[in-house]
Amino acid sequence: MKVTQAEFQNMKEEIVKDLISRLIDERGLTMEQAFDAVYTSRLFEKLNDPKTGLFFQSSGYVYSYLTEELYLI
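Presented here is an overview of the structure given in this document. All values derive from a computational prediction rather than experimental measurement.

### Observations regarding the packing of aromatic side chains
And step 1. Counted by the stated rule, this structure contains 5 aromatic pairs.
And step 2. The interplanar angle of 90 degrees and the centroid separation of 4.9 Å between the aromatic rings of Phe8 and Phe55 together place this pair among those described as edge-to-face. With Phe8 in helix H1 (residues 5-27) and Phe55 in the loop between helix H3 (42-47) and helix H4 (59-69), the pair connects residues that are 47 residues apart, well separated along the chain.
And step 3. Looking at Phe8, the relative accessible area reads 4%, which means it is buried.
And step 4. Given a relative accessible area of 5%, Phe55 falls into the buried group.
And step 5. For the pair Phe35 and Tyr39, a centre-to-centre distance of 5.9 Å together with 25 degrees between the ring planes defines the contact as stacked.

The structure is reproduced here in structure tokens:
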């Protein structure tokens, strides 16, 4: 399924918003810590690449990979 650049950007931003929110709510990170954790992660690099299809996944699915990467399991 093809998506436009704008659709890709919107889907990616929604996932990032959810990831940051969950890190704050569930893990007690500050907003700054949550932003830093997401935007400096290897997962974010993959999320930025539309070829991975990661932006099609649910934020819960993506969050599980992020917490694994950050050793927050």
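### Description of the pattern of salt bridges
And step 1. Overall, the coordinates contain 2 salt bridges when judged by the stated rule.
And step 2. With a closest N to O distance of 3.3 Å, Glu14 and Lys17 form a salt bridge. Here the residue Glu14 and the residue Lys17 both occupy positions in helix H1, the gap between them amounting to 3 residues, near one helical turn.
And step 3. A residue is classified by how much of its surface remains accessible, and Glu14, at 42% relative accessible area, is partly exposed.
And step 4. The class for Lys17 is partly exposed, based on a relative accessible area of 48%.
And step 5. Among the salt bridges present, the one from Arg22 reaches Glu26, with a minimum N-O distance of 3.1 Å. Taken as a pair, Arg22 and Glu26 lie in helix H1 at a separation of 4 residues, close to a single helical turn.
And step 6. Judged by its relative accessible area of 27%, Arg22 falls in the partly exposed class.
And step 7. Glu26 gets classed as partly exposed once you look at its relative accessible area, which sits at 45%.

Definitions and limits used
Residues numbered from 1 in each chain as written. Predicted model: local features only at pLDDT ≥ 70, side-chain atom pairs only at ≥ 80, totals over all residues. Heavy atoms only, no water. Phe/Tyr/Trp six-rings, centres within 6.5 Å; stacked < 30°, edge-to-face > 60°. Helix = DSSP H or I, 4+ residues; strand = E, 2+ residues; numbered from the N terminus. Buried < 20%, exposed > 50% of the residue type's maximum accessible area, 1.4 Å probe, protein only. Salt bridge = Lys/Arg side-chain N within 4 Å of Asp/Glu carboxyl O.

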